[in-house]
Amino acid sequence: MSESAIITTNNVNLWYHEKQALQSVSIKIPRNRVTALIGPSGCGKSTLLRCFNRLNDLIDHVKCTGEITLDDENIYAPSTDVVTLRKKVGMVFQKPNPFPKSIYENVAYGPRVHGIRDKAELDRIVEQSLRHAAIWDEVKERLNDSALGLSGGQQQRLCIARTLAVEPEVILMDEPCSALDPIATAKIENLIERLKEDYTVIIVTHNMQQAARVSDYTGFMYLGRLIECGKTGQIFEHPKEELTENYITGRFG
Amino acid sequence: MAEKFHTELNNLRADTLEMAHLGRFMLRTAVDALIRQDAELAASVVAQKEEIHQMEVRLEEHCYHLIALNQPMAKDMRVIVCTLKVITASLRIGRYGKVIANIVKEISDKPHIANLMSIPHMADLVIDMVDDAVAAYESDNLRLIDDFSSRDDTIDALRHSIFREGISYMMEDPKNISRCTHYIMVARYLERCADHACKIAENVQYMETGERVEIH
Ligand SMILES: Nc1ncnc2c1ncn2[C@@H]1O[C@H](COP(=O)(O)OP(=O)(O)OP(=O)(O)O)[C@@H](O)[C@H]1O
Ligand SMILES: [Mg+2]
C-alpha cells in the first residue's frame, strides 16, 4: 500500500481480562479511501474498530499494547484528548441509535457540545450534514419531528449526518447496514462512495459482496490476527493467503 | 449454502470435462477418418456437431446461473471464468473436427499424396496438448502445461513445413492442387486447435494462481 496512511497500527495487542482479542495487528488505513474489515464472528473486527477512537477505554479490564497513530500522533499518548479524538474519529453503529429528540437536534447536538451556539451557523451545519448524508430531501420539511419516526434506513443516514456534523476525519462503521433492507442498504453504500471524497471510511461488514462493492482496501481478520490486507480487487480475485481464500469462498466461517 | 454451491461447481466441472472429451474425440476421430479415408467414420463426426453445440449452450447457462445466484469470489470465481473458456475452446476443437471430417468426404476417392506428409504426426502432438490442457483443468496439475510454449512452437513449425511441402507437390503437378490445398487447410485447423489448448492452459493457470499468462 503506497498511499498515505491516516491511521497506522503497529503491533497492537488487546486483552479483555485474560482473553486476548487482538494479536500483533499492524495495519495502515489509507486516507480518503474506504477500508473494509471482514472475518468470522468474534475475530476482533469491532474490537479493532473501537481501538481507533479508544471506545475500548470505556470497557472494564481492557489492556491494550502497541502503537496506534492518527495523523502521525499516538492516540494512546497521555497528552491525547479523548474528546477531540472521538470528534476526529466518528462512529456509526449496527443498530441506528438516534437520540429521542427532533431530527434537527440530533444533528445539532455534536456541534453544540463542541461550543457552537450561533443559530445560523447551526442551521448551516445541520443542512450541510443532512445533505452529505443524502437524507436532506427526505427530512427538510420536518426537521422538528422526532427522529424516532424515521424508517430504519433514514435513521441510519441521520446517524451518519450526526457524525458528519462534527467534521470528523475518519468515520468508523460497524455493520451499518445489517438492520436495513436492500434499498436502504444501497443508499448507504452510495453514500459511502461519496463520503470518501472528504473522509476516510472504515467499515466492518459480514456481507462479502458489500465489502467488495464499497471498499478500496480489504483486511481479513481471523482469531484476533490480521491475516491479509490489500486492494479489494486483489483480495476478492486472488487472495494471497489460503485462509482468506477459504473464508471468502464460504469454506468456513 | 456454500456447500450446495460447491457441489454444483464440482458438477459443472465434471460436465465440462465431458464436453472437452467430446471435442477431443471429434478431432481425433476426424483425423483417423482422414488417415484411413473412411467417409463413414467422418460422417459420424459430423453427426456429433449438434450434441456438442447443445452441451455448450447448457453449460454456459449453468455458469451464468451459478454467477447470478452465488456471486462467486476468489477461486470459485476463477473456476467459473476458466470453465467458460474451456467450454468455448472445446466447442471450437470439436468444430474443427467436423470441418476436417467434411474434407475427408471430398478427398477419399484417391490415395493420399506422400502419406499425408506430417499431418498424422502433427495431429498426435496437437491432441496430446489438448489432452494435457484438459487433464490440467481436471486435476489442477500445472506441470502438465508448463512446456506449452515450446510445444506450440513445434506445432507452428510443422504447419509451416506442411505448407511448403504442399506447395512443392502442387508445383510438381497441378492435379495435386486441390488435394494439397486441403492438406494445408487441415494443418491450419490443427494449429488452431493447439491454440485453443493453449487458451485452456492459460486459463487453468489463472484458475490456480490468479495470474494471467500468455502462451505464444
Ligand atoms: N466487552 C467485552 N468483554 C469481554 N470480551 C469481549 C468483549 N467484547 C468482545 N469480546 C471478545 O473479544 C473477541 C472479539 O470480539 P469482537 O466483538 O471484536 O468480534 P467481531 O469480529 O466484531 O465479531 P462479530 O462479527 O460477531 O461482531 C470475541 O471473542 C469476544 O467474545
Ligand atoms: Mg462486531
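Residues numbered from 1 in each chain as written. Chains lettered and ligands numbered in written order. Predicted model: local features only at pLDDT ≥ 70, side-chain atom pairs only at ≥ 80, totals over all residues. Heavy atoms only, no water.

Overview of the overall build of chain B
Here comes step 1: The secondary structure content of chain B amounts to seven helices and zero strands.
Here comes step 2: Beginning at the N terminus, the succession of helices and strands in chain B can be written as α-α-α-α-α-α-α.
Here comes step 3: Taking 17 Å as the expected radius of gyration for a compact globule of 216 residues, we find that chain B reaches 19 Å, a close match to that expectation.
Here comes step 4: Projected onto its principal axes, the C-alpha coordinates of chain B cover approximately 65 × 35 × 20 Å.
Here comes step 5: For chain B, the proportion of its 216 residues judged to be buried stands at 50%.
Here comes step 6: Taking as baseline every contact in chain B between residues at least 6 positions apart, the subset at least 24 positions apart corresponds to 82%.
Here comes step 7: Each charge class in chain B was averaged separately, 25 positive and 35 negative side chains, and the resulting centres sit 4 Å apart. (Helix = DSSP H or I, 4+ residues; strand = E, 2+ residues; numbered from the N terminus. Rg over C-alpha atoms; globule rule 2.2 N^0.38 Å. Buried < 20%, exposed > 50% of the residue type's maximum accessible area, 1.4 Å probe, protein only. Contact = heavy atoms within 4.5 Å. Lys, Arg positive; Asp, Glu negative; His and termini not counted. Charge placed at Lys NZ, Arg CZ, Asp CG, Glu CD.)

Quick look at the sheet that holds strand β4 (residues 62-70) of chain A
All names here are of chain A.
Here comes step 1: With respect to topology, four strands assemble into an open sheet ordered β2-β1-β4-β5, the strand pairing being antiparallel. Of all the strands in the sheet, the pair left with one neighbour each is β2 (19-30) and β5 (73-74).
Here comes step 2: Where strand β1 (residues 5-16) meets β4, eight bridges bridge the pair, whose relative direction is antiparallel. Note that in β4 the partner of Asn 13 across the bridge is Thr 65. (Pairing = 2+ DSSP bridges.)

As for the site of ligand 1
Residues and elements named next belong to chain A.
Here comes step 1: Taken together, 14 residues are adjacent to ligand 1, and Ser 41, Gly 42, Lys 45, Ser 46 and Thr 47 come closest.
Here comes step 2: Between an oxygen atom of ligand 1 and a side-chain N or O atom of Lys 19, the distance comes to 3.1 Å.
Here comes step 3: Out of a free accessible area of 630 Å², ligand 1 has 67% covered by protein chains.
Here comes step 4: Breaking the shell around ligand 1 down by element, the ones donating at least two residues are β2 and α1 (45-51). (Near = heavy atom within 4 Å. Polar contact = N/O pair within 3.5 Å; in protein donor to acceptor, adjacent residues only side chain to side chain. Areas by Shrake-Rupley, 256 points an atom, 1.4 Å probe, with all protein chains shown as cover.)

Things to note about the nonpolar core
Here comes step 1: B:Phe148 and B:Leu190 are the most contacted members of the largest nonpolar core, which has 72 residues in total.
Here comes step 2: Counting only elements with at least two residues in this core, the list comes to α1 (2-36), α2 (39-47), α3 (49-70), α4 (74-107), α5 (119-139), α6 (148-172) and α7 (177-209) of chain B.
Here comes step 3: Residues contacting B:Leu190, with those up to four places away along its chain left out, are B:Leu27, B:Val31, B:Ile100, B:Ile119, B:Met122, B:Ala123 and B:Val126.
Here comes step 4: In terms of nonpolar packing, the next biggest core, distinct from the first, is built from 46 residues, A:Ile38, A:Ile103, A:Ala165 and B:Ala74 among them. (Core = buried A, V, L, I, M, F, W, Y, C linked by side-chain atoms within 4.5 Å.)

Structural notes on the interface of chain B and chain A
Here comes step 1: In this complex, chain B contributes 13 residues to the contact, which on the side of chain A involves twelve residues.
Here comes step 2: Note on chain B versus chain A: buried area summed over both sides is about 970 Å², and carbon and sulfur give 54% of it.
Here comes step 3: The tally of links between chain B and chain A comes to two salt bridges.
Here comes step 4: We note a salt bridge from B:Arg78 to A:Glu245, for which the minimum N-O separation is 3.9 Å.
Here comes step 5: At the junction of chain B with chain A, the criterion picks out eight residue pairs in polar contact (both at pLDDT 80 or more).
Here comes step 6: Sorting the residues of the side of chain B that touches chain A by element identifies α1, α4 and α7 of chain B as the ones contributing at least two each.
Here comes step 7: For the side of chain B that touches chain A, the element with the most residues is α4(B), which contributes five residues.
Here comes step 8: Looking at the side of chain B that touches chain A residue by residue, the class counts come to five nonpolar, five polar and three charged. (Buried area = accessible area lost by both parts, 1.4 Å probe. Salt bridge = Lys/Arg side-chain N within 4 Å of Asp/Glu carboxyl O. Nonpolar A, V, L, I, M, F, W, Y, C, P; charged D, E, K, R; others polar.)

With respect to the packing of aromatic side chains
Here comes step 1: By the definition in use, this model includes six aromatic pairs over all chains.
Here comes step 2: Measuring from centroid to centroid gives 6.4 Å for A:Phe220 and A:Tyr222, while their planes differ by 20 degrees, and the two rings are stacked.
Here comes step 3: Classification of A:Phe220 by relative accessible area gives buried; the value is 0%.
Here comes step 4: Arranged with centres 5.7 Å apart and planes meeting at 50 degrees, the rings of A:Tyr247 and A:Phe252 form a pair that is tilted.
Here comes step 5: A relative accessible area of 27% places A:Phe252 in the partly exposed class.
Here comes step 6: Here a set of aromatic residues connected by ring pairs shows up, and it is made of A:Phe220, A:Tyr222, A:Tyr247 and A:Phe252.
Here comes step 7: When the ring centre of A:Trp15 is taken as origin, the NZ or CZ atom of A:Lys63, which lies over that ring, is 4.5 Å away.
Here comes step 8: Against the face of B:Tyr206 rests B:Arg212, its NZ or CZ located 5.1 Å from the ring centre. (Phe/Tyr/Trp six-rings, centres within 6.5 Å; stacked < 30°, edge-to-face > 60°. Lys NZ or Arg CZ within 6 Å of the ring centre and 35° of its normal.)

Here we look at helix α4 (residues 119-132) of chain A
Here comes step 1: The terminal C-alpha atoms of α4(A) lie 20 Å apart, and with 14 residues this matches the ideal 20 Å at 1.5 Å per residue to within 8%.
Here comes step 2: The inward-facing, buried residues of α4(A) contact α3 (103-113), α5 (136-139) and α6 (152-164) of chain A. (Expected span 1.5 Å × (residues − 1).)

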